[in-house]
Amino acid sequence: MRFSGFRVIKEALSGHKGWTPHWRDPEPKSHYDFVIIGGGGHGLATAYYLAKEFGASKIAVLEKGWIGGGNVGRNTTIIRSNYLLDGNEPFYEFSLKLWENLEQDFNYNAMVSQRGILNLVHTDAQRDAARRRGNAMILNGSDAELLDQDGVRKLYPFLNFDNARFPIKGGLLHRRGGTVRHDAVAWGYARGADIRGVDIIQNCEVTGFRTENGKCLGVETNRGFIGAGKVGVSVAGSSGRVMEKAGVRLPIESHVLQAFVSEGLKPVLPGVITYGAGHFYCSQSDKGGLVFGGDIDGYNSYAQRGNLPVVEDVVEGGVSLIPALGRVRLLRGWGGIMDMSMDGSPIIDKTDIDGLYFNGGWCYGGFKATPAAGWCFAHLLKTDQPHETATAYRFDRFRRGYMIDEKGQGAQPNLH
Amino acid sequence: MLINHPLLGPRDAQEFTYLGDAALIQRPDWQADDAADQFHEYLYLRDNPAGLHRELWFHEAGDRSWLVVTRNTVTHEITDVQLARDVARNEGRST
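Residues numbered from 1 in each chain as written. Chains lettered and ligands numbered in written order. Predicted model: local features only at pLDDT ≥ 70, side-chain atom pairs only at ≥ 80, totals over all residues. Heavy atoms only, no water.

Trainee: Explanation requested: the overall build of chain A in the structure shown.
Mentor: From N to C terminus, chain A includes 11 helices and 18 strands. Here the C-alpha coordinates of chain A stretch approximately 65 × 65 × 40 Å along the principal axes. Out of the 416 residues belonging to chain A, those deemed buried represent 56%. When contacts within chain A are restricted to residue pairs at least 6 apart in sequence, long-range pairs at least 24 apart make up 74% of them. With the model as given, the accessible surface of chain A reaches about 17400 Å², and the carbon-plus-sulfur share is 51%. Across chain A, the mean location of the 47 positive side-chain charges is 4 Å away from that of the 44 negative side-chain charges. (Helix = DSSP H or I, 4+ residues; strand = E, 2+ residues; numbered from the N terminus. Buried < 20%, exposed > 50% of the residue type's maximum accessible area, 1.4 Å probe, protein only. Contact = heavy atoms within 4.5 Å. Areas by Shrake-Rupley, 256 points an atom, 1.4 Å probe, with all protein chains shown as cover. Lys, Arg positive; Asp, Glu negative; His and termini not counted. Charge placed at Lys NZ, Arg CZ, Asp CG, Glu CD.)

Below, the structure is given as structure tokens:
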């Protein structure tokens, strides 16, 4: 079924009796050409592009729980292409271009809203860095605009401009950045993949890999063995747990990141803003809640919940930037598990085991990467060659000394 | 989280900074033939277990001692805390 305005009107007039489930619930077959582990945004996008763009068939997505129940269902929904380094920016620009056409492409309303992202600067040095970043973005086909204080005031008059320690001097505005309805991304990709024959198998947990002579033959699951020509692991957050079953050690630590939503408010925040003096970023959802987050807690965790010191730190950052936030009540907060990699950048690569491929290490930037990560992982799975925008995301970059370290922190995952 | 410091008793985890897996105590021999491989594993690869994890915490806002904390990464429960100095000596490190 195709979604359209006419369809909505027709269903409205006929009592909404014609809507059908968006994807099937098939039993697993004994063998597939491609098995994707992980029914999150990346895994579903990989299956979708494999089928649609790379002409593959016999594809399955295995999901331990329900699709879209992991980090694609619990993030701050921001999309952007404002990275500095050559290994990253072409990839994220490719991703943003896919976002811009995504809803037409998979015929699903993902509420892509390019409302702009403003990175605030508070010192001359930060302004220089913002100018450099902006130039790097423009060179890679993205957009950037350096605003002075008056420019920021016009957009966000209620910010704390004249703070004694961290006055707002301006900001780098990335107009094509914005937010997306995160759940709908998973659902849209799932539906698009399902229409093209992909089996989406939920409640199917991978318990091990069957390998022979260094080749992966398939996966053991709680619903039996499933043979596979190629297996793609796309389970960021659980990468350590899944790859451990294949005996692969990763350049990744798992950390918990907390995010928060306030009670619903009238429209106050037209775009996304990030604080330059503390770690705080904020947008307003279409339901009115302010969605914001900050730093990871900083210690290895699989607990999906964090501790109070970081809550305090995030809220302090928020209130110092937007004093009016002091009157707002928090509605809920949650913790998600991040693959924090050794240089803060992701991995889309083959493993040492033939037929086993890996996509992970997204730190807390995986959501915006969803379309391009799916496309590039599908490219790798189908052709055994990295996509031209993802050539830097290799396992061996650490051994060769080609880290992509946006923050320049070195091999210390909790600082990225 | 509270960390039960062997010398100072229970302290708020906020007083500490976190480094990572306590395996970092065992620095490879830089003169070994495969030193490059060993240092690649030492610097960049991690076990990253879901469960008990021995890890290095630094009492930055306290007595500036390094601790080896055994903590469950699924529940955040801390079951053992030792001075990293003692752990390193028991593992055969001289300094």
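Back to the write-up after that little detour.
Trainee: What exactly am I supposed to notice about a nonpolar patch on the surface here?
Mentor: Taken together, the side chains of A:Met1, A:Val8 and A:Trp19 define a hydrophobic patch exposed on the protein surface, amounting to about 250 Å² of accessible area. Exposure remark for A:Val8: the relative accessible area of 46% places this residue in the partly exposed category. (Patch = residues over 30% accessible without salt bridge, like charges linked within 9 Å, V, L, I, M, F, W, Y side chains within 5 Å. Salt bridge = Lys/Arg side-chain N within 4 Å of Asp/Glu carboxyl O.)

Trainee: Mind showing me how you'd approach the packing of helix α2 (residues 41–52) of chain A against helix α10 (residues 370–383) of chain A here?
Mentor: Packed helices, taken two at a time, are described by the angle their axes make and the gap between the axes. All names here are of chain A. Two numbers describe how α2 lies on α10: the axes approach to 7 Å, and their chain directions differ by 55°. Viewed along their axes, α2 and α10 adopt a mutual orientation that is oblique. α10 is crossed by α2, and the crossing has right-handed handedness. Residues Gly41, His42, Ala45, Thr46, Tyr49 and Leu50 of α2 form the contact with α10, whose participating residues are Thr370, Pro371, Ala373, Gly374, Trp375, Phe377, Ala378, Leu381 and Lys382. (Axes fitted to C-alpha atoms, helices over the stretch in contact; angles between N-to-C directions. Parallel < 35°, antiparallel > 145°, perpendicular 65-115°, else oblique. Left-handed = near helix turned anticlockwise from the far one by under 90°.)

Trainee: How should I be thinking about the UniProt feature "domain: Rhodanese" (unreviewed entry) in chain A in this particular structure?
Mentor: Per the UniProt record, the feature "domain: Rhodanese" (unreviewed entry) sits at residues 35–78 of chain A. When the span residues 35–78 of chain A is considered, its composition is 27% helix and 18% strand, and the gap between its end C-alpha atoms is 29 Å. (UniProt positions renumbered as here; feature names shortened; annotations may be inferred.)

Trainee: For this particular structure, what's the right way to read the interface of chain B and chain A?
Mentor: By convention, interface size is frequently given as the accessible area that disappears when the constituent parts associate. Listed per partner, the contact involves 23 residues of chain B and 25 residues of chain A. Buried area between chain B and chain A, both sides added, is near 2300 Å², and the carbon and sulfur share of it is 48%. If you sort the residues of chain B by the area they bury against chain A, B:Tyr44, B:Arg46 and B:Asn48 come out on top, with a joint share of 30%. The interface formed by chain B and chain A holds four salt bridges in total. (Buried area = accessible area lost by both parts, 1.4 Å probe.)

Trainee: What's the story with the sheet that holds strand β5 (residues 66–72) of chain B in this structure? I'm lost.
Mentor: Within a sheet, each strand pairs with its neighbour through backbone hydrogen bonds, oriented either parallel or antiparallel. Residues and elements named next belong to chain B. Strands sit in the order β3-β4-β5-β6 across an open sheet of four strands; the sheet is antiparallel. Edge positions in the open sheet fall to β3 (17–21) and β6 (78–83), since each of these has one partner strand only. With strand direction ignored, the average angle separating the axes of adjacent strands in the sheet is 30°. Examined bridge by bridge, strand β4 (residues 52–58) and β5 share seven bridges and lie antiparallel to one another. Each bridged residue has a counterpart across the sheet, and for Arg54 the counterpart in β5 is Thr70. (Pairing = 2+ DSSP bridges.)

Trainee: Just to check I follow, could you spell out the pattern of salt bridges for this structure?
Mentor: One side chain can pair with another of opposite charge once the charged atoms of both are near each other. All names here are of chain A. Throughout the structure, instances matching the rule amount to 29 salt bridges over all chains. As a salt-bridge pair, Arg175 and Glu145 come within 2.8 Å of each other at their nearest N and O atoms. Here Arg175, found in the loop between β6 (170–174) and β7 (178–179), pairs with Glu145, found in strand β5 (residues 145–148); they are 30 residues apart in sequence, far enough to count as distant. Classification of Glu145 by relative accessible area gives partly exposed; the value is 32%.

Trainee: Got a minute to help me understand the nonpolar core in this structure?
Mentor: Considering soluble globular proteins, one finds that nonpolar side chains tend to be buried as a cluster. Counting 52 residues, the largest nonpolar core has A:Tyr49, A:Ile59, A:Phe91, A:Tyr189 and A:Ile348 as the members making the most contacts within it. A:Ile37, A:Leu62, A:Ala246 and A:Ile353 belong to the second-largest nonpolar core, a separate cluster that totals 29 residues. (Core = buried A, V, L, I, M, F, W, Y, C linked by side-chain atoms within 4.5 Å.)

Trainee: Whenever I open this one, the sheet that holds strand β13 (residues 272–274) of chain A confuses me. Can you help?
Mentor: Residues and elements named next belong to chain A. Taking strand neighbours across the sheet as the criterion, the eight strands line up as β5-β6-β4-β13-β14-β15-β12-β16 in an open arrangement whose pairing is mixed. The sheet is open, and its two edges are formed by β5 and β16 (330–341), each paired on a single side. Averaged over all pairs of adjacent strands, the angle between their axes in this sheet comes to 25°, without regard to strand direction. As judged from the three bridges shared by strand β4 (residues 117–121) and β13, these two strands associate in the parallel manner. Each residue of the ladder has a partner; that of Ile117, found in β13, is Val272. Packing of helix α9 (residues 308–321) onto the sheet brings it into contact with β4, β12 (252–264), β13 and β15 (289–300), and relative to β15 it is tilted by some 140°.

Trainee: Help me understand unusual backbone geometry, please; the structure alone is not making it clear to me.
Mentor: Leave glycine aside and you will find that most residues have negative phi; peptide bonds, for their part, are mostly trans. Unlike most non-glycine residues, A:Asp384 shows phi in positive territory, near 65°. Residues other than glycine seldom take positive phi values, yet B:His76 does so here, at roughly 70°. Locating B:His76 in the fold gives a position in the loop between β5 and β6.

Trainee: Explain the packing of aromatic side chains here, please?
Mentor: Think of a pair of aromatic rings as described by two things: how far the centres are apart, and how the planes are tilted against each other in angle. Residues and elements named next belong to chain A. Overall, the coordinates contain 27 aromatic pairs over all chains when judged by the stated rule. Residues Phe106 and Tyr108 carry aromatic rings whose centres are separated by 6.2 Å and whose planes lie at 85° to one another, so their mutual orientation is edge-to-face. Its relative accessible area of 12% is what places Tyr108 among the buried residues. Each residue in the set Phe3, Trp19, Tyr48, Tyr49, Phe54, Phe94, Phe106, Tyr108, Tyr189 and Trp375 is aromatic and connected to the rest through ring pairs, giving one cluster. Above the ring of Phe161, the side-chain terminus of Arg153 is found at 4.3 Å from the ring centroid. The cationic tip of Arg210 hangs over the ring face of Phe225; the distance from NZ or CZ to the ring centre is 3.7 Å. (Phe/Tyr/Trp six-rings, centres within 6.5 Å; stacked < 30°, edge-to-face > 60°. Lys NZ or Arg CZ within 6 Å of the ring centre and 35° of its normal.)

Trainee: Looking at this model, I keep getting lost on the domain arrangement of chain A. Mind explaining?
Mentor: Residues and elements named next belong to chain A. The domain boundaries assigned to chain A delineate domain 1 (5–81 + 83–108 + 182–251 + 343–415) and domain 2 (117–178 + 253–341). Domain 1 puts 37 residues into the contact, and the matching count from domain 2 is 36 residues. When domain 1 packs against domain 2, close to 3000 Å² is buried across both sides, 53% of that on carbon and sulfur atoms. Where domain 1 meets domain 2, there are two salt bridges. At the boundary of domain 1 with domain 2, the tally comes to 17 residue pairs in polar contact (both at pLDDT 80 or more). Where the side of domain 1 that touches domain 2 is concerned, the elements lending two or more residues are β3 (78–79), α3 (89–100), α8 (239–244) and β18 (356–360). (Domains from an automatic or database assignment. Polar contact = N/O pair within 3.5 Å; in protein donor to acceptor, adjacent residues only side chain to side chain.)

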